[in-house]
Amino acid sequence: MKDFLLIFRSPEHTGPDASPEEMQAHMKLWMDWFGSIAAQNKLSSRGNRLVHDGKVVRPGQVITDGPYTEIKESIGGFTIVKAESLDEAAAIASSCPILLDGGNVEVREIAI
Amino acid sequence: MSQPDLIPHLFRTEYRKITAVLSKRFGLEHIEIAQDIASDTFLQASETWGINGLPENPTAWLYVVAKNKAKDYLKRNTLFNEKIAQQITYEQNGAETSGAEIDIDLSDRNITDSQLQMMFAICHPSIPAEAQIGLSLHILCGFGVNEIAAAFLTNKETINKRLFRAREKLRSSQVKIEFPEASEIQNRLENVLTTLYLLFNEGYYASGRDVTLRKDVCLEAVRLTNLLLESKLTSLPPVYALLALMCFHASRFEARIDSEGETVLYEDQDEKLWDEDLIRQGELFLNQSSSGNVLSKYHLEAGIAYFHTIKNDTKEKWESILQLYNQLLINEYSPMAALNRTYALSKANGKEIAIKEAEKLNLTTHHLYHALLGELYTGIDNNKAADHFRKSLDLTNSKADQKVILKKLSAISS
């Protein structure tokens with residue numbers, strides 16, 4: 001088994017904020033997804049969510065707010081899963097709830 | 001209580017106290033001597049009380065006799081005089097004490113502390129888990145070797161060997177009967193809780209054995225966990241959570257075993273047999289467990305057990321159970337949690353989703369995996385269900401499980 005980093009990206013949020021019920025339903029999707037991976041004994045680290053705000057530091061003391069100067073999507077969080085192959089890790093990612101919100105998951109093997 | 005009942009009763013409650021106090025005084029390496037003195041005390045009680053009748057305060061009588069025996073032993077035994085008595089004298093700041101004046105402190109406080117410290121000693125990380133449970137039953141619960149052998153479904157010799165090796169290990173690791181350093185308490189307490197949890201499960205889940213004995217094992221685990229609440233050092237949230245868990249489980253003890261000693265499945269249980277008092281106690285402990293910011297596995301399992309005390313099968317109940325299992329698995333994988341989570345998923349999200357999830361579990365060699373799939377396919381594809389039930393039968397030697405599976409199999413074949 002190898003470790004794979006799943007990076008969750010979602011489009012920049014523009015619509016109205018979700019209602020508490022929507023947020024709860026959303027949370028359930030995520031928890032069921034994590035639970036499903038963990039039940040297969042393939043969750044290496046649940047990882048973390050990232051808060052929206054950030055800064056990007058570039059050479060020459062150039063610091064800008066937010067990482068999205070060029071791309072219109074942001075990294076919302078990451079998780080590490082165990083899988084035999086990149087394909088298997090991608091299959092795990094294919095049921096990630098972020099895909100329902102127009103987001104995507106980048107799957108990368110972690111080099112040892 | 002009449003005299004014939006009183007001695008076994010006192011043996012259960014007092015033997016371990018005397019043993020703990022004396023072992024603490026003599027040092028854990030001399031635990032057999034402490035146990036011998038405690039046993040001798042009870043032998044003398046049964047002889048004397050048989051002739052002279054019961055003393056006014058039987059417990060106090062036992063303590064006096066145990067103290068005197070301990071002192072006699074110290075006086076008589078050269079090894080003791082040369083080694084331990086000197087050591088004890090030294091500890092008492094070199095005062096001029098011979099064995100006869102050594103104080104044996106059988107006060108309530110010292111009894112409680114000695115037992116708690118003994119618990120930490122037995123649950124020392126250097127002792128294998130199986131031996132910890134055996135030692136706990138023997139030293140902390142006053143169970144005889146025969147009873148322990150019956151509880152483990154093995155013979156006296158095996159248990160004797162296991163206890164002997166465990167005591168050797170305590171000796172060679174130089175484990176002391178004392179509270180761990182404050183900085184170490186959390187870690188060491190985790191070990192103690194694991195042993196108590198296993199002890200409880202030994203009584204709760206071991207099928208086809210003496211029901212009274214099994215219940216006793218469970219009650220002893222509850223009692224020992226309760227003892228942890230008596231010291232400020234150890235009355236921590238996970239202890240309350242474990243106690244809540246035990247209460248919720250124990251509340252179904254009568255309902256889950258029928259008059260023939262057979263397992264009654266949760267959905268077939270008569271909830272009138274559930275012990276309401278234990279459920280209330282469990283709720284109280286669960287509330288008390290919710291301070292601090294540690295969410296232990298006992299909190300999660302107590303939460304799951306709490307929802308099982310609600311008989312009505314609502315979607316909300318199973319949704320709550322599902323989320324607790326999700327959390328439990330995210331924290332730490334176990335095959336049983338994975339199977340139970342999938343069952344909760346079927347109740348909360350539907351069987352089709354659960355079947356897909358079950359087939360990803362990769363537990364095909366586990367008989368309960370096939371029992372679960374049999375259950376999930378029942379009513380959807382009874383042929384597949386029957387296949388899984390048959391596979392499950394092939395994979396288990398447990399008579400109790402076989403009976404349950406056969407019942408399910410015949411229900412879908414008719």
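Scroll up to find the structure.
What comes next is a walk through the structure. (Residues numbered from 1 in each chain as written. Chains lettered and ligands numbered in written order. Predicted model: local features only at pLDDT ≥ 70, side-chain atom pairs only at ≥ 80, totals over all residues. Heavy atoms only, no water.)

1. Let's talk about the overall build of chain B
Put simply, the test is: Note on conventions: DSSP H or I runs of at least 4 residues are helices, E runs of at least 2 residues are strands, and numbering of each starts at the N terminus. Here's how the labels work: a residue is buried when its accessible area is under 20% of the maximum for its type, exposed when over 50%, partly exposed in between, all with a 1.4 Å probe on protein chains only. Contacts between residues were defined by any pair of non-hydrogen atoms, one from each residue, lying within 4.5 Å. Here the Shrake-Rupley method, with its probe set to 1.4 Å, supplies the accessible areas, and only the displayed protein chains count as covering residues.
Check the secondary structure of chain B and you find 19 helices and zero strands. Projected onto the principal axes, the alpha-carbon positions of chain B cover approximately 85 × 50 × 35 Å. For chain B, the proportion of its 414 residues judged to be buried stands at 50%. Within chain B, counting contacts between residues at least 6 apart in sequence, those at least 24 apart form 66% of the total. Per element, the accessible surface of chain B, about 20000 Å² overall, is 50% carbon and sulfur.

2. A look at the nonpolar core
Here is the rule: Think of a nonpolar core as a cluster: buried Ala, Val, Leu, Ile, Met, Phe, Trp, Tyr and Cys residues, connected wherever their side-chain atoms sit within 4.5 Å.
Grouped together as the largest cluster of nonpolar side chains are 69 residues, with contacts concentrated most on B:M119, B:L137, B:L196 and B:L228. Sort the elements by how many residues they give to this core and helix α11 (residues 237-250) of chain B lands first, with eleven residues. Of all hydrophobic cores here, the second largest spans 53 residues; its members include A:W30, A:I37, B:L322 and B:L339.

3. Thoughts on the environment of A:A111
Residue and element names in this part refer to chain A. Secondary-structure assignment places A111 in the segment after β6 (104-109). Looking at A111, the relative accessible area reads 72%, which means it is exposed. In the structure, A111 is positioned 108 residues away from D3 in sequence and 8.3 Å away in space, judged by C-alpha atoms.

4. Some thoughts on the interface of chain B and chain A
Cut-off, in case you're wondering: Throughout, the accessible surface (probe 1.4 Å) given up by two parts as they are put together, summed over both, is called the buried area. By definition here, a salt bridge exists when the distance from a side-chain nitrogen of Lys or Arg to a carboxyl oxygen of Asp or Glu is within 4 Å. Whenever two N or O atoms come within 3.5 Å, that pair is a polar contact, provided that in protein one can donate a hydrogen and the other can accept it, and provided that, for residues adjacent in sequence, both atoms are side-chain atoms.
Across the contact, 14 residues belong to chain B and twelve residues belong to chain A. Across the chain B to chain A interface the summed buried area is about 1200 Å²; carbon plus sulfur atoms make up 54%. When the area that chain B buries against chain A is broken down by residue, the three leading residues are B:I330, B:Y333 and B:K360, summing to 42%. Inspection of the chain B/chain A interface yields one salt bridge. B:E319 is paired through a salt bridge with A:K28; the nearest N and O atoms lie 2.7 Å apart. Seen at the junction of chain B and chain A, the total is eight residue pairs in polar contact (both at pLDDT 80 or more).

5. Examining the packing of helix α6 (residues 129-140) of chain B against helix α8 (residues 156-172) of chain B
Residues and elements named next belong to chain B. Keep this limit in mind: Where helices are involved, their axes are fitted lines through C-alpha atoms of the stretch in contact, as for all axes, and angles between N-to-C directions lie from 0 to 180°. Roughly parallel here means an angle under 35 degrees, roughly antiparallel means over 145, roughly perpendicular means 65 to 115, and every remaining angle is called oblique. Throughout this entry, Asp, Glu, Lys and Arg are counted as charged residues, while Ala, Val, Leu, Ile, Met, Phe, Trp, Tyr, Cys and Pro are counted as nonpolar. The remaining residues, Gly among them, count as polar.
At a minimum axis distance of 9 Å, the contact between α6 and α8 shows a crossing angle of 100°. When the axes of α6 and α8 are compared, the pair comes out roughly perpendicular. Here α6 contributes E130, A131, G134, L135 and H138 to the contact with α8, which in turn contributes R162, L163, A166, R167 and L170. Of the residues assigned to the contact of α6 with α8, the class counts are five nonpolar, two polar and three charged.

6. Some details on the side chain of B:Q269
Residues and elements named next belong to chain B. Position of Q269 among the secondary structure elements: in the loop between α11 and α12 (276-288). Judged by its relative accessible area of 7%, Q269 is buried. When sequence neighbours within four positions are dropped, the list of residues in contact with Q269 reads R252, A255, R256, V264, W274 and K311.

7. A closer look at the sheet that holds strand β1 (residues 2-11) of chain A
All names here are of chain A. For clarity, the threshold we go by: Whether two strands pair depends on DSSP finding at least two bridges between them.
On the basis of which strands lie adjacent, the open sheet formed by four strands has the order β2-β5-β1-β6 and antiparallel pairing. Only two strands of the sheet have a single neighbouring strand rather than two, namely β2 (43-49) and β6. Neighbour-to-neighbour, the strand axes of the sheet open up by a mean angle of 20°, direction not taken into account. Looking at chain direction, β1 and β6 are connected through six bridges and run antiparallel. By the bridge assignment, R9 is partnered in β6 with N104. The strands that helix α1 (residues 20-39) touches are β1, β2 and β5 (73-83); relative to β2, the one it contacts most, it runs at about 155°.

8. Here's the deal with the environment of B:S23
All names here are of chain B. Relative to the assigned elements, S23 resides in helix α1 (residues 3-26). C-alpha of S23 to C-alpha of M118: the two residues are 95 residues apart in sequence and 8.5 Å apart in space. The residues contacting S23, other than those within four sequence positions of it, are L28, I31, A34, M118 and I177.

9. Looking at the pattern of salt bridges
Where charged atoms of side chains with opposite charge meet at close range, the side chains can pair. The tally for this structure, following the rule as stated, stands at 26 salt bridges over all chains. Across the salt bridge formed by A:K28 and A:D32, the nearest N and O atoms sit 2.6 Å from each other. Taken as a pair, A:K28 and A:D32 lie in helix α1 at a separation of four residues, close to a single helical turn. A:D32 sits in the buried class, given a relative accessible area of 11%. Taking the shortest distance from any N to any O, the salt bridge between B:K408 and B:E267 comes out at 3.5 Å. Taken together, the residues span a long stretch of sequence, with B:K408 in helix α19 (residues 399-413) and B:E267 in the loop between α11 and α12 at a distance of 141 residues.

10. Some details on helix α16 (residues 351-359) of chain B
Residues and elements named next belong to chain B. For clarity, the threshold we go by: Summarising the geometry, the arc corresponds to the directions from the helix axis toward the C-beta atoms.
Every buried residue belonging to α16 is among A354, I355, E357 and A358, and all of these are buried. One face of α16 carries all of its buried residues, which in axial projection span an arc of 165°. With respect to the buried face of α16, the exposed residues turned more than 90 degrees away are E352 and K356.

11. Brief notes about the packing of aromatic side chains
Here a ring pair, both rings aromatic, is described through the centre-centre distance and the interplanar angle of the planes. The cut-off we apply is this: Any two of the Phe, Tyr and Trp rings considered here, Trp counted by its six-membered ring, make a pair once their centres fall within 6.5 Å; the pair's planes then place it as stacked at under 30 degrees, edge-to-face at over 60, or tilted in between. For a Lys NZ or an Arg CZ to count as sitting over a ring, it must be within 6 Å of the ring centre and within 35 degrees of the ring normal.
Following the criterion strictly, the structure yields 18 aromatic pairs over all chains and no others. Note on B:F200 and B:Y204: the rings are 5.5 Å apart at their centroids and 20° apart in plane angle, and the pair reads as stacked. Residue B:F200 and its partner B:Y204 are located together in helix α9 (residues 185-205), separated by four residues, close to a single helical turn. Taking relative accessible area as the criterion, B:F200 reaches 2% and is therefore assigned buried. Here the aromatic rings of B:Y266 and B:W274 are separated by 5.9 Å at their centres, their planes lie at 15°, and the arrangement is stacked. Like B:W274, B:Y266 is buried. An aromatic cluster of three or more residues is present, and its members are A:F8, A:W30, A:W33 and A:F34. One cation-aromatic arrangement involves B:R256 over B:Y204; the distance from NZ or CZ to the ring centre is 3.7 Å.

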